[in-house]
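# Inside the fold
What follows is the residue order along each chain.
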Amino acid sequence: MTKPNTANPAVLRWVEETAKLCQPDRVFWCDGSESEKDALIDEAVARGILIRLNQKKLPGCYYHRSTVDDVARSEARTFICVPTSEEAGPTNNWMAPAEMYSKLRGLCAGAMRGRTMYVIPYLMGPLGSPLTKVGLELTDSIYVVLSMRIMTRMGQIAYEHLGQGEDFNHGLHCMLDVNPKNRYIAHFPQDNTIISTSSNYGGNVLLGKKCLALRIGSWLANKEGWLAEHMLILSAESPSGEKTYVTAAFPSACGKTNFAMLVPPPHLAAWKIRTIGDDIAWMKPGADGRLYAINPEAGYFGVAPGTNRRTNPNAMDTISRDTIYTNVALTPDLDVWWEGKTDQPPAELTDWKGNRWTPGSPEPAAHPNSRFCAPMKNNPALAPEADDPNGVPISAIIFGGRRSTAIPLVYQAFNWIHGVYVGACMSSETTAAATGEVGKIRRDPMAMLPFCGYNMGQYFRHWLLLRKRLCVPPRIFYVNWFRRDSTGKFIWPGFGENMRVLKWIVERTHGRADAVETPLGWVPGPRDFDLGGMSGFDPAAMAKAQEIGLEEWRREALTHDDLMLKLYADLPKELLFQRELLVARL
Ligand code: OXD
Ligand code: MN
């Protein structure tokens, strides 16, 4: 048992109660210091939880391999535990709080015997921000401790922020034997409590991230008049030095990290894109009637496959040190590799399951949802505003998904209500970030389907009402980088070239770029979209990327009904009217 490093009575009481339940051999009070990190890493390496990577090539980097059935978020095992199922809404799994508490107390009783319980104090948000929240995670996973120190502002700083207050999130994580049968990710918003069992996968167990910053966060945001969103935040500085702040909501593994770290192509090299956040935005109307955003996180928990010097050089620099890799492949000299890292795979690897792998092996070497966990301060494109407690004023909100057909490269919603409808009807082909079938189209409103901590119909109403508190509402856009032609090839090259789309968006928010009206919204006119210096892209392909097929869209509009019918009882009527207007325009 190390000594408590806080005198906060509510913290002491809760740690004592939890220790009584879980019966760890030892309680370890984390302080967030470097010496503590070094000692924990040594212990994790000695116990085989981490492998020390080649320190010449990857200083400060370590490798973790999970069990084979604990590799992604478990949406089917994620619950919102509020008094009635109506409050959780039809898109969430629900269980009554008393029933879930009783089940989980049973699972956690004595679950840490022979283990250490680590007490992790952390902040979500920059120090001193009125939006910042305190969390405490009690866990028996050393991997979680080391990852939370990267992903959050962890240590004494959190107790300083909390003082003698009681307003902190209570997070309990018991690894158990990581058997999926006992896996629960349970949220109790009324008690500001999260309990996660029998997993060690980041999205299920780094409780500050999806559980607090999004599910509990969105529930609190609805009560307190702000927004907790699955959005990146970036700063776009124009050649004249004007900065425009933009957020974008894309579903998991659809390129938020790449977009947040975008490097413009040579033709637009005078633009500077800097990252504020790559996954989560907390946003609140400011006194001046603009919407201000902070990134509550301090690190990136990103998908490794596909990341390389061409697709995301800033991420490659970020993860070249101080990074924990999970489920990627290893080279014989303890470097890391994943599909898409280099054009040619190495001749021999150890795959994510620990087996020998060669280029002829039938399975990928890295798991498709293998991850890096890296501190944001390593990012060469980090915006200094990432630490600004006041946040940044947002001029544009972008929604987007992964769709092979129908959805054009970019369009702008006519107004806020139409924008909420467009965001609500977002759809995407599923990815490996959650367990289940990959490549199936699902509706993922505002990329929040797996993360909204209350009834989604009420969530849309909250978005609509927020408009009344904004004098300068952000303009709303929709993008799709993933449209394919009849041969299956992506039409738009994506990555750095997305700067061209971003440039049009930025110029639109300042009233400088023209647009053409279509049934879906405003799209760039032929002279308003900068295709200068684009080698290998036939300008005629732009028409394909932007094509709006009326017949195809009439069918698409019908598919919006899936969600509308599911949420009908709670759906704001404004969205039904928007649907009527869309159908009429088509
Ligand atoms: C993530 C996710 O890890 O959305 O960010 O799954
Ligand atoms: Mn995410």
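Calculation criteria
- Residues numbered from 1 in each chain as written.
- Chains lettered and ligands numbered in written order.
- Predicted model: local features only at pLDDT ≥ 70, side-chain atom pairs only at ≥ 80, totals over all residues.
- Heavy atoms only, no water.
- Helix = DSSP H or I, 4+ residues; strand = E, 2+ residues; numbered from the N terminus.
- Rg over C-alpha atoms; globule rule 2.2 N^0.38 Å.
- Buried < 20%, exposed > 50% of the residue type's maximum accessible area, 1.4 Å probe, protein only.
- Contact = heavy atoms within 4.5 Å.
- Areas by Shrake-Rupley, 256 points an atom, 1.4 Å probe, with all protein chains shown as cover.
- Near = heavy atom within 4 Å.
- Polar contact = N/O pair within 3.5 Å; in protein donor to acceptor, adjacent residues only side chain to side chain.
- Nonpolar A, V, L, I, M, F, W, Y, C, P; charged D, E, K, R; others polar.
- Salt bridge = Lys/Arg side-chain N within 4 Å of Asp/Glu carboxyl O.
- Domains from an automatic or database assignment.
- Buried area = accessible area lost by both parts, 1.4 Å probe.
- Pairing = 2+ DSSP bridges.
- Donors = N, O, S within 2.8 Å, 3.2 Å for Na, K, Ca; no water.
- Phe/Tyr/Trp six-rings, centres within 6.5 Å; stacked < 30°, edge-to-face > 60°.
- Lys NZ or Arg CZ within 6 Å of the ring centre and 35° of its normal.

Glancing now at the overall build of the protein chain. Tallying secondary structure elements over the protein chain gives 17 helices and 31 strands in all. Its C-alpha radius of gyration of 23 Å places the protein chain within 12% of the 25 Å reference for a compact globule of 586 residues. Counting only C-alpha atoms and orienting by the principal axes, one finds that the protein chain spans roughly 70 × 55 × 45 Å. Taking all 586 residues of the protein chain together, the buried fraction comes to 61%. Within the protein chain, counting contacts between residues at least 6 apart in sequence, those at least 24 apart form 73% of the total. Looking at the protein chain as shown, the accessible area adds up to about 22000 Å², and 53% of this sits on carbon and sulfur atoms.

Glancing now at the site of ligand 1. Surrounding ligand 1, one finds R73, K209, K210, H230, S252, D279, F301, R371, A433 and F451. Contact distances for ligand 1 include 2.9 Å between an oxygen atom and a side-chain N or O atom of K210. Interatomic distance of 2.5 Å between a side-chain N/O atom of S252 and an oxygen atom of ligand 1. Isolated, ligand 1 exposes 210 Å² of accessible area, and the fraction of that covered by the protein chains is 96%. Split by residue class, the shell around ligand 1 holds three nonpolar, two polar and five charged.

This next bit is on the pattern of salt bridges. All told, the structure shown has 31 salt bridges when counted by the stated rule. Between D335 and K57 there is a salt bridge, with the nearest N and O atoms lying 3.8 Å from each other. Of this pair, D335 sits in the loop between β20 (329-330) and β21 (336-337) while K57 is found in the loop between β2 (51-52) and β3 (62-64), placing the two residues 278 residues apart along the sequence. For D335, a relative accessible area of 14% corresponds to the buried category.

So, on to the environment of R484. With respect to the element layout, R484 can be found in the loop between β29 (475-479) and α13 (498-509). The exposure class of R484 is partly exposed, given its relative accessible area of 37%. The sequence separation of R484 and G208 amounts to 276 residues, and the corresponding C-alpha distance is 36 Å. Not counting residues up to four positions away in its chain, the partners in contact with R484 are S404, K489, F490 and I491. For R484, the side chain forms a polar contact with the main-chain oxygen of G488, separated by 2.9 Å.

This next bit is on the domain arrangement of the protein chain. Annotation of the protein chain at the domain level lists domain 1 (9-48 + 75-225), domain 2 (229-299 + 382-570) and domain 3 (301-378). Measuring from the centre of the C-alpha atoms in domain 2 to the corresponding centre in domain 3 gives 28 Å. Contacts between the two partners involve 16 residues from domain 2 and, on the opposite side, 15 residues from domain 3. Both sides together, the interface formed by domain 2 and domain 3 hides about 1200 Å², and carbon and sulfur atoms give 61% of it. Linking domain 2 with domain 3 are zero salt bridges. Across the domain 2-domain 3 interface, the total number found is three residue pairs in polar contact (both at pLDDT 80 or more). Taken together, the residues of the side of domain 2 that touches domain 3 sort by class into 10 nonpolar, four polar and two charged.

Further remarks concern the pairing of strand β9 (residues 169-174). By the criterion of burial, β9 is predominantly enclosed, with six of the six residues buried. Burial along β9 is two-sided: the face carrying N169, G171 and H173 and the face carrying H170, L172 and C174 are both buried. Note that strand β7 (residues 133-139) and β9 share five bridges and pair parallel. Each residue of the ladder has a partner; that of L136, found in β9, is H170.

Take the side chain of N312 next. Inspection of the secondary structure puts N312 in the loop between β18 (299-303) and α10 (313-318). At 2.9 Å, the side chain of N312 forms a polar contact with the backbone nitrogen of A315. Among all residues touching N312, those that are not within four sequence positions of it are T257, N258, M261 and T307.

The next subject is the coordination of the manganese ion (ligand 2). Donor atoms from the polypeptide that bind the manganese ion (ligand 2) are K210 (NZ), H230 (NE2) and D279 (OD), placed at 2.1 to 2.2 Å. Sequence spacing of the donor residues for the manganese ion (ligand 2), all on one chain, is K-x19-H-x48-D. A residue pair is termed long-range when its members are at least 10 positions apart, and K210 in helix α8 (residues 208-224) and H230 in the loop between β12 (227-229) and β13 (232-237) qualify at 20 residues. According to the relative accessible area criterion, K210 is buried, its value standing at 5%. For H230, a relative accessible area of 0% puts it in the buried group.

So, on to unusual backbone geometry. Despite not being glycine, L176 has its phi angle at roughly 50°, a positive value. Assignment of secondary structure puts L176 in the loop between β9 and β10 (184-188). For L176, a relative accessible area of 14% puts it in the buried group. Phi is positive for A253, close to 60°, though the residue is something other than glycine. Counting through the fold element by element, A253 comes out in the loop between β14 (243-249) and α9 (256-260). The exposure class of A253 is partly exposed, given its relative accessible area of 29%.

What follows is about the packing of aromatic side chains. Each aromatic ring pair is summarised here by two numbers: the centre-to-centre distance and the angle between the ring planes. Considering all chains together, one arrives at 21 aromatic pairs under this definition. With 5.6 Å between their ring centres and 55° between their planes, F28 and Y118 make a pair best called tilted. Of this pair, F28 sits in strand β1 (residues 26-29) while Y118 sits in strand β6 (residues 116-124), and the two are 90 residues apart along the sequence. Among the residues examined, F28 registers a relative accessible area of 14% and is labelled buried. Among the aromatic residues, those joined into a cluster by ring pairs are F250, F259 and W481. Its end group placed over the ring of F451, K210 keeps NZ or CZ at 4.4 Å from the ring centre. Across from the ring centre of F482, 4.3 Å away, lies the NZ or CZ of R402, which sits over that ring.

Within helix α5 (residues 142-151), 10 of the 10 residues are buried, which leaves the element mostly enclosed by the surrounding structure. Within α5, burial applies to I142, Y143, V144, V145, L146, S147, M148, R149, I150 and M151.

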